[in-house]
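Take a look at the letters that make up each chain.
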Number of protein chains: 2
Amino acid sequence: MTKNKPKNNYQGGAEDFKGFIRLSSNENNDGPSSRVKTALKNNVNFSNIYPELDGETLRNQISKTYSLNSEQLILGAGSDEVLQMIYATFTKPGDEVIFTKYAFAMYAIYAKNFKCKPRIFNDSKFQFSLNEFAKLASSKTKIIFLANPNNPTGSIFYKDEIINFIKKINKKTLIVLDSAYCEYLQEKNYDDGLSLVKKFPNLIITRSFSKIYALGGLRIGWGYSSMQNILKLYQYKKPFNVSRLSCIAATEALKDQRWISRSIKNNQNNKKYTANNLNNSLIKTIDTTANFILLKFSHEKIANKFVKFLYTNKITVRHLASYGLPKYVRMTIGSLTEMKKTIKVCNRFNV
Amino acid sequence: MTKNKPKNNYQGGAEDFKGFIRLSSNENNDGPSSRVKTALKNNVNFSNIYPELDGETLRNQISKTYSLNSEQLILGAGSDEVLQMIYATFTKPGDEVIFTKYAFAMYAIYAKNFKCKPRIFNDSKFQFSLNEFAKLASSKTKIIFLANPNNPTGSIFYKDEIINFIKKINKKTLIVLDSAYCEYLQEKNYDDGLSLVKKFPNLIITRSFSKIYALGGLRIGWGYSSMQNILKLYQYKKPFNVSRLSCIAATEALKDQRWISRSIKNNQNNKKYTANNLNNSLIKTIDTTANFILLKFSHEKIANKFVKFLYTNKITVRHLASYGLPKYVRMTIGSLTEMKKTIKVCNRFNV
């Protein structure tokens, strides 16, 4: 039976977590705020009651937090589901879609599901030129997917570059700006894209509660675009796609922005600390603008051995072989205590 | 802006619940068991951690509870999502699908989403003949959807009738047996369909944790079929479609079968009590085999007035106008206390 074992197309991070330092899935190891935890506990008794049909309370809170029109918002079970709704709504078999080689795996998995033709930009240098990327698009392109910043390569584009890029693209082509990691960017010249939707109706922003908001386990994300795109997406939305508890948790998380700010600060500090103290000549570290760093090894076998060594020391990290980057390991930035222990283990690693 | 307001194709029950007796969405008003509530509270702190990729722990528990091969199981965010995956996996635009006129609204909504051609059986008598239903199918039929028992009509088919029906259908046609309400059926000659999958590889069973298991708010359901169908469905499944807390709740709910049995008993008793004591000459009551009864009125306007009257008395029920049954109201069976109060209000209703 084993050879027939149902197998998801996606390869995720490690699933172990009890007793482990978990640095494999870019989760926020600070966990949800006490306000969120209290709200969840207070609402457990209502688990028998269906969620609000389209998550109005949460959409209103997102609208308040980010000054958006709540009617231009759509919720998904993670931004994964928003991406799936985008494919389902706007593509038909044979349509051309564009993304980078080292991008979120779901862009390509959905392209296959929906029988679209992917055109793939080779971002082997990780940070690439949006001018070059734009050249891949034509009037035939249905959707362009671009994550900013990108996981796992950490590539990042600033506001002016993004605007220039959008202007180069045919207005009939949808541009999906995946901003799952945007909260980690605090620079003024960075833009999560929300402010650009008014000017560019072909832009769709996707957002996640799985990263800084520390709700990866609850599957909740959202999309924001022009009214005409959102109305189309609603035609495909399942009535109750997001759990009641998830909506409550996300609403409370948004209200606790002080906790979010502290968590962003923690990430910055702990990442700096990690980069400064990780000094093993076998490991080249590459900083990213998000909540992870990349570790580069001279050979796939060494990367593999490193991941196993960390695992025996009860630390999980993500080997990027499934992303086509076998010499690379992605390490999420956890708490300071976690990083101190991890650095000690990493510095001890030998072949 | 109101005219452009995003609007889901689905019309759900009332969303009020605090201070209301909620009899509008066929939820289990006993709520989840204390075992489930404790497990949820104990796991709130881990909301930052992604769920298991394909819900192995929950699949193993389902497999144990119902003696099934866990590899033939697939989880969804409610059986809604399993139905969506079935459409996405097995249909292409123009394909013929069959269901009854007064069936779960999502069969038709998905048919539209996936550009399938629905052929609709008129079950205006509510309880209909499967022999007649089978005549609608041909070698061109891709999928037949049949709920047993059916919501909202309460139609019910016993094991022999179901087997005869399946035998009449072309082996290349998929038969989706939606068993969301099956737990309410305790008769030996009823079958939820799980035992038939071995013999009929074209059969897919869908199940829900939203009804007797009292987890409607957490969006969790499952599908069971031959390995070949399940392998195909996995190609379309989102990696993390179901929340961590939902998987934990469902696993614990399955372990607490004593609580489930008590809840089934409560439903039987409270339904009998309701049918016996509801005696308003304006209302004709129709018993069903599930956790609701139907109330028939002589005119749509009276049905409408009744729903509003109950609402002002803080009771929500479901007007079936959106199901094309404007003279009917569906009333979920709640707790004995709730039903006693509801009966008093109903008996007071006048035009």
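Rules of the game
- The residue numbering used here restarts from 1 in each chain and proceeds along that chain's sequence as written.
- Chain A is the first chain written and ligand 1 is the first ligand written, with later ones labelled in order.
- The predicted nature of this model means local features are confined to residues of pLDDT at least 70 and side-chain atom pairs, given and counted, to a pLDDT of 80 or more, with totals for whole chains, interfaces and linings taken over all residues.
- Remark: hydrogens and water are excluded; side-chain values derive from all non-hydrogen atoms of the structure.
- Superposition of the copies used a least-squares fit over C-alpha atoms from residues whose pLDDT is at least 70 in both.
- Whether two residues touch is decided by their heavy atoms; if any such pair falls within 4.5 Å, the residues are in contact.
- The start and end points of each domain follow an automatic or database-based domain assignment.
- Values labelled buried area give the accessible surface lost by two parts on being combined, using a 1.4 Å probe and summing over both.
- The term salt bridge refers to a pairing of a side-chain nitrogen on Lys or Arg with a carboxyl oxygen on Asp or Glu at a separation within 4 Å.
- Elements are defined by DSSP. Helices are runs of H or I of four residues or more, strands are runs of E of two residues or more, and each kind is numbered from the N terminus.
- Residues belong to one nonpolar core when they are buried, are Ala, Val, Leu, Ile, Met, Phe, Trp, Tyr or Cys, and are joined through side-chain atoms within 4.5 Å.
- Here's how the labels work: a residue is buried when its accessible area is under 20% of the maximum for its type, exposed when over 50%, partly exposed in between, all with a 1.4 Å probe on protein chains only.
- Here, a strand pair is defined by DSSP locating no fewer than two bridges between the strands.
- Helix axes are fitted only over the stretch in contact, all axes being lines through C-alpha atoms; the angle between N-to-C directions runs from 0 to 180 degrees.

## Section: the relation of the copies chain A and chain B
The two copies are related by a screw motion: chain A maps onto chain B through a turn of 180° and a shift of 0.0 Å along the axis, at an RMSD of 0.0 Å. What we have between these two chains is a two-fold relation. Of every C-alpha in chain A, the one belonging to Lys41 of chain A sits nearest the axis of rotation, 2.7 Å from it. The share of interface residues of chain A whose copies in chain B are also at the interface is 100%, consistent with both copies meeting through the same surface.

## Thoughts on the domain arrangement of chain A
Residue and element names in this part refer to chain A. Each assigned domain of chain A is listed here: domain 1 (21-32 + 258-348) and domain 2 (34-255). Contacts between the two partners involve 24 residues from domain 1, matched on the other side by 27 residues from domain 2. When the area that domain 1 buries against domain 2 is broken down by residue, the three leading residues are Pro32, Thr289 and Tyr323, summing to 33%. Viewed at the interface, domain 2 and domain 1 are joined by zero salt bridges. At the level of secondary structure, the elements contributing two or more residues to the side of domain 1 that touches domain 2 comprise α9 (257-277), β10 (292-296) and β12 (328-332). The leading source of residues in the side of domain 1 that touches domain 2 is α9, at six residues.

## Re the nonpolar core
In summary, soluble globular proteins display a tendency toward joint burial of nonpolar side chains. Judged by nonpolar contacts, the single largest core of 195 residues is most densely connected at Phe165 and Phe209 of chain A together with Phe165 and Phe209 of chain B. Beyond its immediate sequence surroundings of up to four residues, Phe165 of chain A is in contact with Leu130, Phe133, Ala134, Ile144, Leu146 and Ile175 of chain A.

## Some details on the sheet that holds β10 of chain A
Hydrogen bonds between backbone groups are what pair the strands of a sheet, and the pairing can be parallel or antiparallel. All names here are of chain A. Read from one edge of the open sheet, five strands run β1-β11-β12-β10-β9, paired in mixed fashion. Because the sheet does not close on itself, it has two edges, and the strands there are β1 (21-23) and β9 (284-287). For this sheet, the mean inter-axis angle between neighbouring strands, taken without regard to orientation, is 30°. Relative to strand β11 (residues 315-319), β1 runs parallel, the two being bridged by three bridges. Note that in β11 the partner of Leu23 across the bridge is Val317. Across the face of the sheet, helix α11 (residues 336-348) comes into contact with β1, β11 and β12 while running at roughly 85° to β1.

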